[in-house]
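Listed below, chain by chain, are the residues.
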Amino acid sequence: MASKSKGVNPSRLIGTFGSEYLEAVTAHTAVNAYAFIVQEDTEITTLSGGDASTGVVVDDYLAPMSLSGVTLKQGALVQAPAGELFQSITITSGSVIVYK
């Protein structure tokens with residue numbers, strides 16, 4: 001039976017295709033993640049992605065998601081829009097776990 005909740009779909013948090021720890025070392029590309037959870041106070045300077053079916057990076061999510069210049073606090077959950085994936089993430093400080 002499908003959930004009628006307007007919250008997070010529980011099936012999206014199980015990481016069917018695994019998860020990966022990303023830290024502020026370099027730009028991370030080909031991430032293919034639908035969500036991430038912040039592990040410590042984190043600043044992100046690049047967050048882009050696009051349609052999950054094509055894997056083509058076409059959208060910059062920082063401004064539309066109001067994440068430009070923001071320090072994300074530990075435990076924050078950030079999800080890509082439905083049907084899209086985060087492809088590139090540059091972390092200037094902190095770390096996240098991405099779910100695929």
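Just above, that's the structure.
Please read all numbers here as calculations on a predicted model, not as lab measurements.

Caption draft 1: Geometry of the sheet that holds strand β1 (residues 19–23). With antiparallel pairing, the four strands of this open sheet are ordered in space as β1-β9-β3-β7. Both outer strands of the open sheet, β1 and β7 (77–79), are each paired with one neighbouring strand and no more. Ignoring strand direction, the axes of neighbouring strands in this sheet form an average angle of 25°. The sheet contact formed by strand β3 (residues 35–38) and strand β9 (residues 95–99) spans four bridges and is antiparallel. Bridge pairing in β9 places Phe36 opposite Val98.

Caption draft 2: View of the pattern of salt bridges. In the structure shown here, the tally under the stated rule is two salt bridges. For Lys100, the salt bridge is made with Glu20, and the minimal N-O distance between the two is 2.9 Å. Remark: Glu20 occurs in strand β1 and Lys100 occurs in the segment after β9; sequence separation between them is 80 residues. Between Asp41 and Lys73 there is a salt bridge, with its nearest N and O atoms 3.3 Å apart. Of this pair, Asp41 sits in the loop between β3 and β4 (42–51) while Lys73 sits in the loop between β6 (71–72) and β7; the two residues are 32 residues apart in sequence, bridging distant segments of the chain.

Caption draft 3: Inspection of the pairing of strand β8 (residues 84–93) at higher detail. By the bridge criterion, two bridges tie strand β2 (residues 27–28) to β8 in an arrangement that is antiparallel. Residue pairing for β8: His28 is matched across the bridge by Ile89. As judged from the eight bridges shared by β4 and β8, these two strands associate in the antiparallel manner. The residue bridging Asp51 from the neighbouring strand is Glu84, located in β8.

Caption draft 4: Geometry of the nonpolar core. Ranked by size, the top nonpolar core spans 18 residues in total, and within it Phe36, Ile44, Leu47, Phe86, Ile89 and Val98 carry the most contacts. For this core, the element with the highest residue contribution is β8, accounting for three residues. With near-sequence residues (within four places) excluded, Ile44 lies in contact with Phe36, Leu62, Leu72, Ile89, Thr90, Ile91 and Thr92.

Caption draft 5: Just the packing of aromatic side chains, in detail. One pass over the full model with this rule turns up two aromatic pairs. Centre to centre, the rings of Phe36 and Phe86 are 5.6 Å apart; their planes meet at 55°, and the pair counts as tilted. One end of the pair, Phe36, is in strand β3; the other, Phe86, is in strand β8, and 50 residues separate them in sequence. Judged by relative accessible area, which is 0%, Phe36 ranks as buried. Accessibility expressed as a relative area gives 0% for Phe86, which makes it buried. Arranged with centres 5.4 Å apart and planes meeting at 85°, the rings of Tyr61 and Phe86 form a pair that is edge-to-face. Pair noted here: Tyr61 is in the loop between β5 (59–60) and β6 and Phe86 is in strand β8, with a separation of 25 residues, a long-range link.

Cut-offs used in this document
Residues numbered from 1 in each chain as written. Predicted model: local features only at pLDDT ≥ 70, side-chain atom pairs only at ≥ 80, totals over all residues. Heavy atoms only, no water. Pairing = 2+ DSSP bridges. Helix = DSSP H or I, 4+ residues; strand = E, 2+ residues; numbered from the N terminus. Axes fitted to C-alpha atoms, helices over the stretch in contact; angles between N-to-C directions. Salt bridge = Lys/Arg side-chain N within 4 Å of Asp/Glu carboxyl O. Core = buried A, V, L, I, M, F, W, Y, C linked by side-chain atoms within 4.5 Å. Buried < 20%, exposed > 50% of the residue type's maximum accessible area, 1.4 Å probe, protein only. Contact = heavy atoms within 4.5 Å. Phe/Tyr/Trp six-rings, centres within 6.5 Å; stacked < 30°, edge-to-face > 60°.

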